[in-house]
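Results of the structural survey
These are the residues of each chain, in order.
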Amino acid sequence: MPEGRRVAVVGGGITGLATARLLRHSGLTVTILEAGAELGGKIQTRELAGVPVEAGPDTFLARVPWAVDLCRELGLGDALIAPATGKAWLWIGDRLRPLPERHVLGVPTALGPLLESGVLSPAGVARAVLDLVLPRTDPGPDPSVAAVVGRRMGRQVVERLVDPLVGGINAGRADGLSLAATARPIADGAARSRSLVLGLRQAKPGPGGPVFLGLVGGLHRLVDRLAEEDLGTVRLGTAVSGITATDGGYTLGCTPGPDVDADSVIITTPAFATAEIVGGLSPAAASALAGIRHASVVTATLAYHPSADVRPLEGAGMLVPRVEGRLITACTWSTSKWPALASSGMVLLRASAGRDGDTRAMELDDTEVVRRVHDELTEALGLREAPAASLVSRWPRGFPQYDVGHQARVDDIEASLARDAPGVFVAGASYRGLGIAACIEQARRVAGLVTAAGLVGST
Ligand SMILES: Cc1cc2nc3c(=O)[nH]c(=O)nc-3n(C[C@H](O)[C@H](O)[C@H](O)COP(=O)(O)OP(=O)(O)OC[C@H]3O[C@@H](n4cnc5c(N)ncnc54)[C@H](O)[C@@H]3O)c2cc1C
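From a predicted model like this one, the values you see are computed outputs, not experimental measurements.

About the thresholds
- Residues numbered from 1 in each chain as written.
- Predicted model: local features only at pLDDT ≥ 70, side-chain atom pairs only at ≥ 80, totals over all residues.
- Heavy atoms only, no water.
- Helix = DSSP H or I, 4+ residues; strand = E, 2+ residues; numbered from the N terminus.
- Rg over C-alpha atoms; globule rule 2.2 N^0.38 Å.
- Buried < 20%, exposed > 50% of the residue type's maximum accessible area, 1.4 Å probe, protein only.
- Pairing = 2+ DSSP bridges.
- Axes fitted to C-alpha atoms, helices over the stretch in contact; angles between N-to-C directions.
- Parallel < 35°, antiparallel > 145°, perpendicular 65-115°, else oblique.
- Left-handed = near helix turned anticlockwise from the far one by under 90°.
- Contact = heavy atoms within 4.5 Å.
- Nonpolar A, V, L, I, M, F, W, Y, C, P; charged D, E, K, R; others polar.
- Phe/Tyr/Trp six-rings, centres within 6.5 Å; stacked < 30°, edge-to-face > 60°.
- Lys NZ or Arg CZ within 6 Å of the ring centre and 35° of its normal.
- Arc of directions from axis to C-beta.

**With respect to the overall build of the chain**
- If you tally the helices and strands in the chain, you get 16 helices and 22 strands.
- Taken over the C-alpha trace, the chain has a radius of gyration of 23 Å; the compact-globule value for 459 residues is 23 Å, and the two agree within 12%.
- Across its three principal directions, the C-alpha atoms of the chain cover 70 × 55 × 40 Å.
- Taking all 459 residues of the chain together, the buried fraction comes to 54%.

**Overview of the sheet that holds strand β16 (residues 264-267)**
- Taking strand neighbours across the sheet as the criterion, the five strands line up as β12-β2-β1-β16-β22 in an open arrangement whose pairing is parallel. In this open sheet, the two edge strands, each paired with only one partner strand, are β12 (233-235) and β22 (424-426). When strand polarity is set aside, the average angle formed by the axes of neighbouring strands in this sheet is 15°.

**Description of the packing of helix α12 (residues 283-290) against helix α15 (residues 406-420)**
- At a closest axis distance of 8 Å, the pairing of α12 and α15 adopts a crossing angle of 160°. With respect to their mutual orientation, α12 and α15 come out roughly antiparallel. The handedness of the crossing between α12 and α15 comes out as left-handed. Contact with α12, carried on its side by Ala284, Ala285, Ala288 and Leu289, involves Arg409, Ile413, Ser416, Leu417, Arg419 and Asp420 of α15 and no other residues of that element.
- In terms of residue class, the contact of α12 with α15 is made up of six nonpolar, one polar and three charged.

**A closer look at the packing of aromatic side chains**
- Counting across every chain of the model gives zero aromatic pairs.
- Taking NZ or CZ as reference, Arg397 lies 3.7 Å from the ring centre of Phe272, over its face.

**Comments concerning helix α11 (residues 271-278)**
- Every buried residue of α11 is accounted for by Ala271, Thr274, Ala275, Ile277 and Val278. Along the long axis of α11, the arc covered by the buried residues comes to 165°, so they all point the same way.

**Overview of the sheet that holds strand β5 (residues 60-61)**
- Judged by pairing direction, the sheet is antiparallel, and its three strands sit side by side in the order β5-β11-β6 without closing on themselves. Edge positions in the sheet fall to β5 and β6 (80-81), since each of these pairs with one other strand and no more.

**Some details on the pairing of strand β20 (residues 347-353)**
- Across the seven residues that make up β20, a large majority, seven, are buried.
- Burial along β20 is two-sided: Val347, Leu349, Ala351 and Ala353 facing one way and Leu348, Arg350 and Ser352 facing the other are all buried.
- As paired strands, strand β17 (residues 294-304) and β20 are joined by seven bridges and run antiparallel to one another. Bridging from a neighbouring strand, Ala300 pairs with Ala351 of β20.
- Alignment of strand β19 (residues 328-332) against β20, held across four bridges, turns out to be antiparallel. Bridge pairing in β20 links Ala330 to Ser352.

**Considerations on helix α10 (residues 220-228)**
- All of the buried residues along α10 are His220, Leu222, Val223 and Leu226. Buried residues in α10, looked at end-on, bunch into an arc of 150°, giving them a common side.

Listed below in structure tokens is the structure:
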């Protein structure tokens, strides 16, 4: 690609930053346009009780290379840190029960730990075991998570194990989420064998090592390091409202101006924002983008004096099945998961509330969120005092829902853009994986497409 070809990157979250860095490596002229006052999007490390706490994500997947490699390339290899414990609990009824060992995204693959955990009723266990003898089931094309797991192993496995895990990661519902788009390992297991359990047991062993990694000092260090790289021109506080085609390129309408001219555009904003931006270029892409639903979540980190905490917190946290009807959906026991945070002298607990179909937390003000979260944590953990400090963060439409049909919809979006607006691409959490690692993978893919398109154009 000839030096000087101009690429506009819309959105300065992890996808946009990782994309811009790669485009600069290829010698392109890059402008990042970010509506907010700072870079990083949903990666937000704040301070509470004198220590860094994550308002958004706190780890990334370590069993795929993209995030780990990027951290290493940026000199953050020594700062990678695994959670001190992976043990997790489920809050069911009036008790915390251990998430049974040996499971794939909540689908149990061994009977012993499942029985010991007491998570399922005896009837629920008996139904789960039927998977081993039931004839092959054909769930049809692109089934939901619940359709596959429920048919093989029964409702309880879905409601008490898989929905808290898969639904928790996506703030979604197992009966709406596409299995292929959100739970690939389960989909692969289901394809491998008549029995889901046997299929999952046949999976090749993973690479070992921690499943997730964080960064000492917080994930925003990744954003800070990226911001120190050559990313081209970075315009903060600049919202892109639309794109018009010009002779051989595009003009991006910016508020405040000036507008930006570019030969290629990579849009990394959430799908609902992207729909507005491409509306004038490709009504078909805009309509498909607008069809990607998003769920809203509130996170609340509460800091307690150690005297408030009566039960030892042995584990990284707990998940709360939707069927329990609680406000909180999960709680990370932050100081147990990340012992360095204990230097605050406090016990830090980070709760999440809200998911697809449950907007109760979003409707409460911060004081009420803290009160209600504290009340529920008191019930679960036996706390004795009110929190000494708290941090509430809101994520309106923060979690894209990969509903059944998602992958076909994303294929449609890409095909519509290729037809109506060649050189305009989408990437990021709304499309092909919402985790940080998947966003970085998409950045690599789209940067490669833009670079390759330019090379073809220049020959
Ligand atoms: C509470 C929470 C917890 C999470 N936990 C984890 C976790 O533990 N591990 C994990 O891997 N992932 C986690 N995720 C998911 C992950 O953090 C996000 O999916 C990912 O960071 C999204 O990156 P992105 O660049 O695609 O989008 P974003 O971070 O949303 O960035 C998009 C950017 O576009 C900007 N923008 C929007 N509209 C415009 C416009 N019109 N013009 C210009 N700019 C615009 C926004 O201001 C934003 O900065 C979590 C997410 C949340 C909310």
